[in-house]
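Structural characterization, general
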There are 2 protein chains.
Amino acid sequence: MKKVTIRTVANRAGVSPATVSRVLNDPLKVGADTRRKVQQAMAELDFQPSAIARGLSMQHMDTIGLLVPGINGLFFNELYQGIDEVAGEHGMKVLLFDAQLDHHRALDGFTFLKQHHVAGIIFTSGSITDDYQAMIDRLGIPVVLALTHSRMRPLSAFRTDDVKAAFDATAYLMARGHNRIAMVSGPPENEVAGATRLQGYRQALTRYGAEYVEELVDFGDFHFHEGYRAMERILARVGKEGFTAVFAASDEMALGAIRCLAEHGLRVPEDVSVMGYDNLYVAEMVTPGLTTVAQPFQHIGRLAVECLLQAIAAGQTETCGGIHLLPHQIIERGTVKALSQ
Amino acid sequence: MKKVTIRTVANRAGVSPATVSRVLNDPLKVGADTRRKVQQAMAELDFQPSAIARGLSMQHMDTIGLLVPGINGLFFNELYQGIDEVAGEHGMKVLLFDAQLDHHRALDGFTFLKQHHVAGIIFTSGSITDDYQAMIDRLGIPVVLALTHSRMRPLSAFRTDDVKAAFDATAYLMARGHNRIAMVSGPPENEVAGATRLQGYRQALTRYGAEYVEELVDFGDFHFHEGYRAMERILARVGKEGFTAVFAASDEMALGAIRCLAEHGLRVPEDVSVMGYDNLYVAEMVTPGLTTVAQPFQHIGRLAVECLLQAIAAGQTETCGGIHLLPHQIIERGTVKALSQ
DNA sequence: CTGTTAGCGCATTCAT
DNA sequence: ATGAATGCGCTAACAG
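What comes next is a walk through the structure. No experiment lies behind these values; they were computed from the predicted model shown.

We now examine the packing of helix H1 (residues 6–13) of chain A against helix H3 (residues 32–45) of chain A. All names here are of chain A. Close contact between H1 and H3 brings their axes to 9 Å; oriented N to C, the two are set at 120 degrees. As far as their axial angle goes, H3 and H1 are oblique. Where H1 crosses over H3, the two elements pack in a sense that is right-handed. Residues Thr8, Val9, Arg12 and Ala13 of H1 touch H3, and the partners they reach there are Lys37, Val38, Ala41, Met42, Glu44 and Leu45. Here the contact of H1 with H3 is built from residues that sort into six nonpolar, one polar and three charged.

Structure representation (structure tokens):
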């Protein structure tokens, strides 16, 4: 089974390569019967036009790049779904690059995508450090941020208002009678999902007249195990009676905290209420369902693509600009109990 | 900022394009100082060689295609990780195509990947129906199956022995004193993960002297919600006392079943034991941890790539062949209780 | 060791 | 409406 090109088809159909190209891209521009001949020849030869050659010739591959820090984050799936969908609707494919949690590899991701002629890039999560920014500047193609932002350049960013969301979550707890609320925060040096959510928690506390007590907060890397550890440390410091609720900066950590509480004989929500953050699929799948604040991942993905596509169409490297704060939402499930007293 | 090609660099460095190409692909084949000149020129111009043009010229893109039925399956992440890793180790990139649960789109996936010159394809999950097989035959590039198999052609397949795994899971339950075990199965028409697991369950039952009772089994689509529904139907038929344990054909459905049980006042594992299948991340994150049978997703991914790469290197479209059954493993956590009587 | 030439497969002017 | 020629950016022979 040899290589069949546009040329082989042309010979078979007794026409020129150009004509074959035409029926491929604009069938109406060619005579009805020659068109049929060509189409038949293509079918008989099982011709597959080379997207590579086409790309070289046309100078664009109709793809957008998606740069993620690591596909192990459970949020990836939900984000990707939105992205792939609208990209498809606009005739674009998405080229995925996984940085595997390696900063350097993430940098490589940009050049990889560039070398593959993506029309634009969606950068996901992870703070935009200086080197990223420098890379992006030299790139010459539009870049939009999803679930993160850059404080230097006016890169378009799509995310939620993390401090307000954390504020609301904490307020939600307080409105139900909790005033000693522990927090399992993300790393404070993480500006996008660490410091912000901690800040929101703190603001709500003081706003509604509760005291911020340092012993009640600890930190983790957003994953299950560290959520467990952080909860353990808090418990060690303040004991089982030290708090009536805990707010975690991610669903995974919330689940880790719940496990830890269970092992210490504390039931959720009877003895302590727990709130998560993200509203991943798993939040619904656990029993009792995890009360959490939802980020509209899918919607964020969609908007990011649309913004990117717009910049691409407009033809320039600058995107629609600005930080777009999408609405979060508190999803009430079963891990929060109102204090009856 | 204009387009900088291999030619621009050549001019800037005062050499021929061919020389630039050489420092790109085999730096040692060029004089030390000219090489430096070229490298400097490349740096100054921020030259990014076009992977597309290179691909066209070399007739291969150094990528393998990954065809998944839908990225919403939580197992995707774990599989992808193994695949991307070893692909990278061999200098290959993986091109992802998501069929979005659409049979027709999955077919398109093959031609898409083919048109993008992938060296081979890993097809994931979903039964290999006739049209798939026909497509694969015409493709002219090696294809390996992960988490599924084909009963017609000797396509290489990497998966677990589902009937034995289900057998073992059921036996595990019986060894702990359970003999009225409900099953939340996958669709019986699904040959790879539906009928097989149900069969294993049934075999264990009769093998160890328990009766197969039809009222105790119901079906779902492997996802949470249907697991819930199936459990609900079983409960409606046999009542709360009808069984002491339930075996689900997926972790998601196990979690759905647990939710249903909880809503009927049944505690896990005190009142009824539950076993899942897959050992997704979530199995560890719920409390109590879900006892389940683990599929070595990551390992399967790695092997699939290696098999594919081998066929590619060998230069032909036939892969190492045969169905490779990888060992499963029962992961004991907290949802199964031994009956003490 | 380096420059020249000639494609890779397709799209796109121009002619006809 | 269709064919011939040219170029996309790069690699690979073959010279020198």
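The rest of the description comes next.
It is worth spelling out the relation of the copies chain A and chain B at this point. Mapping chain A onto chain B is achieved by rotating through 180 degrees and translating by 0.0 Å along the same axis, at an RMSD of 0.1 Å. Given the turn and translation reported, the copies of this chain are related as if by a two-fold rotation axis. A symmetric contact is evident, with 100% of the interface residues of chain A recurring at the interface of chain B.

Turning to unusual backbone geometry, a few remarks are in order. All names here are of chain A. With an omega of 5 degrees, the peptide bond running from valine 268 to proline 269 counts as cis. Following the sequence through the fold, proline 269 ends up in the loop between helix H11 (251–263) and strand S9 (273–278). Proline 288 follows threonine 287 through a cis peptide bond whose omega is 0 degrees. Residue placement: proline 288 occurs in the loop between helix H12 (281–285) and strand S10 (291–294). The residue leucine 101 is not glycine, and still its phi comes out positive at about 65 degrees. Tracing the chain through its elements places leucine 101 in the loop between strand S2 (93–98) and helix H6 (103–115). Phi is positive for asparagine 279, close to 60 degrees, though the residue is something other than glycine.

The rules behind the values
- Note on numbering: residues in each chain are counted from 1, in written sequence order.
- Here chains are named by letter from A upward and ligands by number from 1 upward, in the order in which they appear as written.
- Where totals are concerned, whole chains, interfaces and linings use all residues; where local detail is concerned, this predicted model gives features only for residues with pLDDT of at least 70, and gives and counts side-chain atom pairs only at 80 or more.
- Side-chain metrics rest on all non-hydrogen atoms present in the structure, leaving aside hydrogens and water.
- Lines fitted to C-alpha atoms define the axes here, with helix axes fitted over just the stretch in contact, and angles between the N-to-C directions of these axes take values from 0 to 180 degrees.
- The helix and strand labels rest on DSSP assignments: H or I over at least four residues marks a helix, E over at least two residues marks a strand, and numbering proceeds from the N terminus.
- To sort the angles, those under 35 degrees are grouped as roughly parallel, those over 145 as roughly antiparallel, those from 65 to 115 as roughly perpendicular, and the leftovers as oblique.
- By definition, turning the near helix anticlockwise from the far helix through less than a right angle yields a left-handed crossing, and turning it clockwise yields a right-handed one.
- Contacts were defined at the residue level, with two residues in contact if any of their heavy atoms lie within 4.5 Å.
- All residues other than Ala, Val, Leu, Ile, Met, Phe, Trp, Tyr, Cys, Pro, Asp, Glu, Lys and Arg, Gly among them, are scored as polar; the first ten of these are nonpolar and the last four charged.
- Overlaid copies result from least-squares superposition on C-alpha atoms, with residues included only where pLDDT is at least 70 in both.

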